[in-house]
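Residue-level structure breakdown
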Amino acid sequence: MARAPGNRGEAASPWMAGLNPEQREAVEALDGPVLVLSGAGTGKTRVLTARLAQLLATGRAKPWEILSVTFTNKAAREMRDRIQSLIGPASEGLRWLGTFHSTSAMILRRHAELVGLKPSFTVLDTDDQIRLLKQVIEAENIDQKRWTPRFLASLIDGWKNRALTPEKVPAEESFLFANGKGAKLYATYQARLKILNCVDFGDLLLETISLFLKEPDLLAEYHDRFKYILVDEYQDTNVAQYLWLRLLARKRRNLCVVGDDDQSIYGWRGAEVDNILRFEHDFPGAKIVRLERNYRSTPHILAAASHLIAANQNRLGKTLWTDMSEGDRVLVRGVWDGEAEARLIADDIEQWRRLGRRYDESAVLVRASWQMRAFEERFLMLQIPYKVIGGPRFFERAEIRDAHAYLRLIRSPDDDLAFERIVNVPKRGIGDTSVQRIGAAARLAGVSLHTMSQQLMGSDELKGAARTGLARFIRQLDHWRQKALELPHTELAELILEESGYTDMLKADKNPQAASKLDNLKELVRSMGQFDTLAAYLEHIELVMDLDRAEEGDSVQILTLHAAKGLEWPLVFLPGWEEEVFPSRRALDDKGDKALEEERRLAYVGITRARESARISFAANRQIYGRWTSVLPSRFVDELPDGHVDAVSDTGYFNQGTGGAAERFAAYGPLSTQPGNGFGTGYESPGWKRAQAAAALGKVASGTVRGFGGPVIDGEAKLLARTGAGDAKYQLGQRIFHDKFGYGAVRHVEGSKLTIAFEKSGEKKVLDSFVRPA
DNA sequence: TCCGAGCCACTTTTT
DNA sequence: GTGGCTCGGA
């Protein structure tokens, strides 16, 4: 594969083919610091992979001498895939391609003793972190209601993002928690982590930095090792990551960072846009390449996004352009409520399908995950296949975490957090009091909970059910540890789940979710099979927190805007553009303009995901915390440019409305007198004026979009037609099961349409094809 | 020790 | 609407 150095036949290199002049420049500037400012859709990943290939082809570095860091596992995986298809097996040597966190973990495992850890340290996730903090707070006798572990966790995270160790926390920030105890609790927490041989996510970076600072010789070794460094999504790096990079790049300065300040959306995680804004200053003589030619979206989409983002003050500024032909304008639509919005989007998708397009060419991008549910319900009802990306993650589910706790306890008996988690799951008669008692004794003796439990068996400290239960549990642990030596780890996991009574517990559980929990556990065992050993499996999941999930064919994607970064679809839906939803209320409350600009960047990311059509929508009413609230269109709607947007609203609703929402809209002026065409005559907001203007010009064929917010019965009528009214398969009163809503009883039958009284979620209308007899 | 009723705060976004 | 937590009774 490797081309001899000096061979100039780049045209023959597959990775150089078709690059535009700027991209080529970014690929060929191999030495010294380089900043590639890469706008949305300008071929960033392409440049990065070509650059990697070029480094290898020119013989400047061997695969293992290149450090490539990305921000997310997904990005790392994609880069690996892309480079592999570009240069083939030579890519396998790219050992140092990963996220900041996984790379740090690799380095730390090699030198753990130097920072007071054992190489087998555990990486805690947020849940464990909070449980540990809870103990720390409890031990200080601080009121947990007033000062929540969650809040302390977020403070500590923030400090770690800024590379602040406990002693460096500014006094006034320490006062943000429990009257000045913040830094002290942070220090206690760090000490506990060391005792438990654990690190949290932030520590992975911080410990690596302190390792390098403490051991200059070691740092020098890594300087020799990493001849070239590539960083993706540089705009998302925080202070700790910046320091980490600066240490590693200090000697050779062969650092290439790629990013887009307009797509910096992780400020809440400590990302510093400043890192990218001052790259030139930090690395004098840096070469800067701007990629501005967009290959993804139509001019209207690009113009809408560019105009919106121009409202931000704090940016480097760039001008995206494309030579694509016109295409559709960005569509902005107002609807009555969240349900109507889901209906509208589902209808659009069905129409898209009728045009011969695929489901997976479309995506629904939401601000927050709670917004996903309306779409799931609608899609389920219409049998539109969909896939939620992100969402409640597999490894964060309680049953999976429980299973992992068992496995962790097999790996390291002294993992107290794991012990505590499952000592009474399933119930063994070991209640809080007993666990507290064991904990107190363990702390006094300076041993782990497991060790103390063994010792207590020889004493009369515990009585009755607690004693027998604990004795049995300890015996079982020993037994499983024995089995671990003989059985493959997947069989071990199955054995533990059986013998511990965990699966029996779920089988006996009447809750409708219990069945899916069992499925999840099966999935867990299956996925363990991808790894050779238990240790390898645990290592992987702690860091990656995700598995390659089986691709499930053609389906609509539902995901958050954050998760959408770096992806693209021909048809993109952007629902929920309402004040306090998007921009989110939190962002507005928190930090004023800075946060608002980040929300705007998020909107920019959203629009630029679309290749052919971007469809924004907002509702007049929304259920928030289970209460109906009337809401206003997002300010971002008003920031979209005339001429690139088609605005439509079904104002028929506002005529009939008698509730708060109608009044709120009425504040814009008199209500529409022309129900159906959708446009009133006296609205003041620019967005509405634009909508009006568009309608007047006949830009919007009202027939094509009218009625999308029609009364509920429309949707139902269609449903009936679609499934036909077959023989009634269900009897009144019959008990049934529904995948989403659980168990219920049939209340009413009308053809294939059933009214079911669900035990958990009340009365709903569903189609018989979605339920089965219970 | 366990379990249900009632109260509460809560929803960003991810390694 | 939800899920987590506390409290009181079995």
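In this text the structure is predicted, and so the values were computed from the model without any measurement.

1. Topic: the overall build of chain A
From N to C terminus, chain A includes 34 helices and 21 strands. Taking all contacts inside chain A whose residues are at least 6 apart in sequence as the whole, residues at least 24 apart take part in 73%. Carbon and sulfur atoms provide 50% of the accessible area of chain A, an area that totals close to 33900 Å².

2. Description of the pairing of strand 1 (residues 34–38)
In terms of residue burial, strand 1 counts as a mostly covered element, since five of its five residues are buried. Neither face of strand 1 is exposed, since Val34, Val36 and Ser38 on one face and Leu35 and Leu37 on the opposite face are all buried. Where strand 1 and strand 8 (residues 287–291) come together, five bridges link them in parallel fashion. Within strand 8, the residue paired with Leu35 across the bridge is Ile288. Note that strand 1 and strand 7 (residues 255–259) share four bridges and pair parallel. In the sheet register, Leu37 faces strand 7, and the bridge partner there is Gly259.

3. Remarks on unusual backbone geometry
Cis geometry is found at the peptide bond from Val425 to Pro426, where omega equals -5°. Mapped onto the elements, Pro426 comes out in the loop between helix 18 (416–422) and helix 19 (432–445). Note the cis peptide between Phe582 and Pro583, where omega equals 5°. Looking at where Pro583 falls in the secondary structure, it is placed in the loop between strand 13 (569–574) and helix 27 (585–591). Phi angles above zero are rare outside glycine, and Ala178 is one such case at about 45°. Mapped onto the elements, Ala178 comes out in the loop between helix 7 (171–174) and helix 8 (182–195). The exposure class of Ala178 is buried, given its relative accessible area of 5%.

4. So, the protein's contact with DNA strand B
In the vicinity of DNA strand B there are 27 residues, among which Arg367, Ser369, Trp370, Arg586 and Tyr625 approach most closely. If you look at DNA strand B and keep only atoms within 4 Å of the protein, 53% of those are sugar or phosphate atoms. Between Gly431 and DNA strand B, the recorded distance is 3.2 Å, taken from a backbone N or O atom to a phosphate oxygen. If you tally residues by element for the surface near DNA strand B, the top one is helix 19, at three residues. Considered class by class, the residues forming the surface near DNA strand B number seven nonpolar, 13 polar and seven charged.

5. Here's the deal with a negative patch on the surface
On the surface, Glu491, Glu494, Glu498, Glu499 and Asp504 cluster together to form a negatively charged patch. Of the residues forming the negative patch, the biggest block, four residues, is contributed by helix 22 (residues 489–499). Position of Glu491 relative to the elements: it lies in helix 22.

6. Description of the environment of Leu449
Relative to the assigned elements, Leu449 resides in helix 20 (residues 449–456). Using a relative accessible area of 6% as the deciding quantity, one classes Leu449 as buried. Along the primary structure Leu449 and Val435 are separated by 14 residues, whereas in three dimensions their C-alpha atoms are 8.8 Å apart. Apart from the residues within four sequence positions on either side, Leu449 is in contact with Asp416, Phe419, Glu420, Ile438, Gly439 and Ala442.

7. As for the protein's contact with DNA strand C
Inspection of the region around DNA strand C gives Arg373, Tyr625 and Gly626 as its neighbouring residues. Counting only atoms of DNA strand C within 4 Å of the protein, the fraction found in sugar and phosphate groups is 25%. Between DNA strand C and the protein, one listed contact pairs a base nitrogen with a backbone N or O atom of Tyr625 at 3.2 Å.

8. Some points on the UniProt feature "binding site: ATP" (unreviewed entry) in chain A
Mapped onto the present numbering, the UniProt feature "binding site: ATP" (unreviewed entry) falls on Ser38, Gly39, Ala40, Gly41, Thr42, Gly43, Lys44 and Thr45. Relative to the helices and strands, Gly39 resides in the loop between strand 1 and helix 2 (44–57). According to the relative accessible area criterion, Gly39 is buried, its value standing at 4%. In this structure, Gly39 is in contact with Asp260, Gln263, Leu291, Lys318 and Leu320, ignoring residues within four places of it in sequence. Checked against the element boundaries, Gly43 lands in the loop between strand 1 and helix 2.

9. With respect to the environment of Ile209
One can find Ile209 in helix 9 (residues 201–214). Residue Ile209 is classed as buried on the basis of its relative accessible area, which comes to 7%. For the pair Ile209 and Ala240, spaced 31 residues apart in the sequence, the C-alpha separation amounts to 8.0 Å. Non-local contacts of Ile209, meaning those with residues more than four positions away in its chain, are made with Ala240, Leu243, Trp244 and Leu247.

10. Describing the packing of aromatic side chains
The relation between two aromatic rings is expressed through the spacing of the ring centres and the mutual angle of the planes. This model, assessed by the stated rule, comprises 20 aromatic pairs. Ring geometry for Phe379 versus Tyr386: centroids 6.1 Å apart, planes at 55°, classification tilted. Here Phe582 and Phe636 contribute two aromatic rings whose centre-to-centre distance is 5.4 Å and whose plane-to-plane angle is 70°, an arrangement assigned as edge-to-face. With a gap of 54 residues between them, Phe582 in the loop between strand 13 and helix 27 and Phe636 in helix 29 (residues 635–638) connect regions that are remote in the sequence. Taken as a pair, Phe582 and Phe636 share a single burial class, namely buried.

11. Here we look at the sheet that holds strand 1
Strand order in the open sheet formed by six strands is 3-2-6-7-1-8, with parallel pairing between adjacent strands. For this open sheet the edge positions go to strand 3 (97–99) and strand 8, each flanked by a neighbour on one side alone. Looking at each pair of strands side by side, their axes are set apart by 15° on average, direction ignored. Against the sheet, helix 1 (residues 21–28) contacts strand 1 and strand 8, and its axis sits at roughly 145° relative to strand 8.

12. Thoughts on the packing of helix 5 (residues 126–139) against helix 8
Here helix 5 crosses helix 8 at 120°, and the two axes come no closer than 10 Å. Comparing the axis directions of helix 5 and helix 8 gives the class oblique. Crossing handedness for the pair helix 5 and helix 8: right-handed. Contacts from Gln129, Leu132, Leu133, Gln135 and Val136 in helix 5 reach Leu185, Thr188, Tyr189, Arg192 and Leu193 in helix 8.

13. Concerning helix 11 (residues 239–249)
Where burial is concerned, most of helix 11 is hidden: eight out of the eleven residues are buried. What helix 11 keeps buried is the set Ala240, Gln241, Tyr242, Trp244, Leu245, Leu247, Leu248 and Ala249. Looking at where helix 11 begins, the residue whose side-chain oxygen comes 3.1 Å from the main-chain nitrogen of Ala240 is Asn238.

14. Let's talk about the pairing of strand 12 (residues 556–560)
Among the five residues in strand 12, five count as buried, and that is most of the element. In strand 12, alternate side chains face the same way, and those of Val556, Ile558 and Thr560 on one face and Gln557 and Leu559 on the other are all buried. Pairing analysis gives four bridges linking strand 10 (residues 362–366) to strand 12, with the strands arranged parallel. Considered in strand 12, the bridge of Val366 is made with Thr560. Where strand 11 (residues 386–388) lies against strand 12, three bridges are found, and the strand directions are parallel. Paired with Tyr386 across the bridge in strand 12 is Val556.

15. Re the pattern of salt bridges
Any two side chains of opposite charge can pair, given that their charged atoms come close. For the structure shown, the criterion picks out 51 salt bridges. A salt bridge links Arg252 to Asp224; its shortest N-O distance comes to 3.9 Å. You can see Arg252 sitting in the loop between helix 11 and strand 7 and its partner Asp224 sitting in helix 10 (residues 216–225), a full 28 residues away along the chain. The exposure class assigned to Arg252 is partly exposed, which follows from its relative accessible area of 32%. Looking at Asp224, the relative accessible area reads 42%, which means it is partly exposed.

Parameters and conventions
- Residues numbered from 1 in each chain as written.
- Chains lettered and ligands numbered in written order.
- Predicted model: local features only at pLDDT ≥ 70, side-chain atom pairs only at ≥ 80, totals over all residues.
- Heavy atoms only, no water.
- Helix = DSSP H or I, 4+ residues; strand = E, 2+ residues; numbered from the N terminus.
- Contact = heavy atoms within 4.5 Å.
- Areas by Shrake-Rupley, 256 points an atom, 1.4 Å probe, with all protein chains shown as cover.
- Buried < 20%, exposed > 50% of the residue type's maximum accessible area, 1.4 Å probe, protein only.
- Pairing = 2+ DSSP bridges.
- Near = heavy atom within 4 Å.
- Polar contact = N/O pair within 3.5 Å; in protein donor to acceptor, adjacent residues only side chain to side chain.
- Nonpolar A, V, L, I, M, F, W, Y, C, P; charged D, E, K, R; others polar.
- Patch = residues over 30% accessible without salt bridge, like charges linked within 9 Å, V, L, I, M, F, W, Y side chains within 5 Å.
- Salt bridge = Lys/Arg side-chain N within 4 Å of Asp/Glu carboxyl O.
- Lys, Arg positive; Asp, Glu negative; His and termini not counted.
- Charge placed at Lys NZ, Arg CZ, Asp CG, Glu CD.
- UniProt positions renumbered as here; feature names shortened; annotations may be inferred.
- Phe/Tyr/Trp six-rings, centres within 6.5 Å; stacked < 30°, edge-to-face > 60°.
- Axes fitted to C-alpha atoms, helices over the stretch in contact; angles between N-to-C directions.
- Parallel < 35°, antiparallel > 145°, perpendicular 65-115°, else oblique.
- Left-handed = near helix turned anticlockwise from the far one by under 90°.

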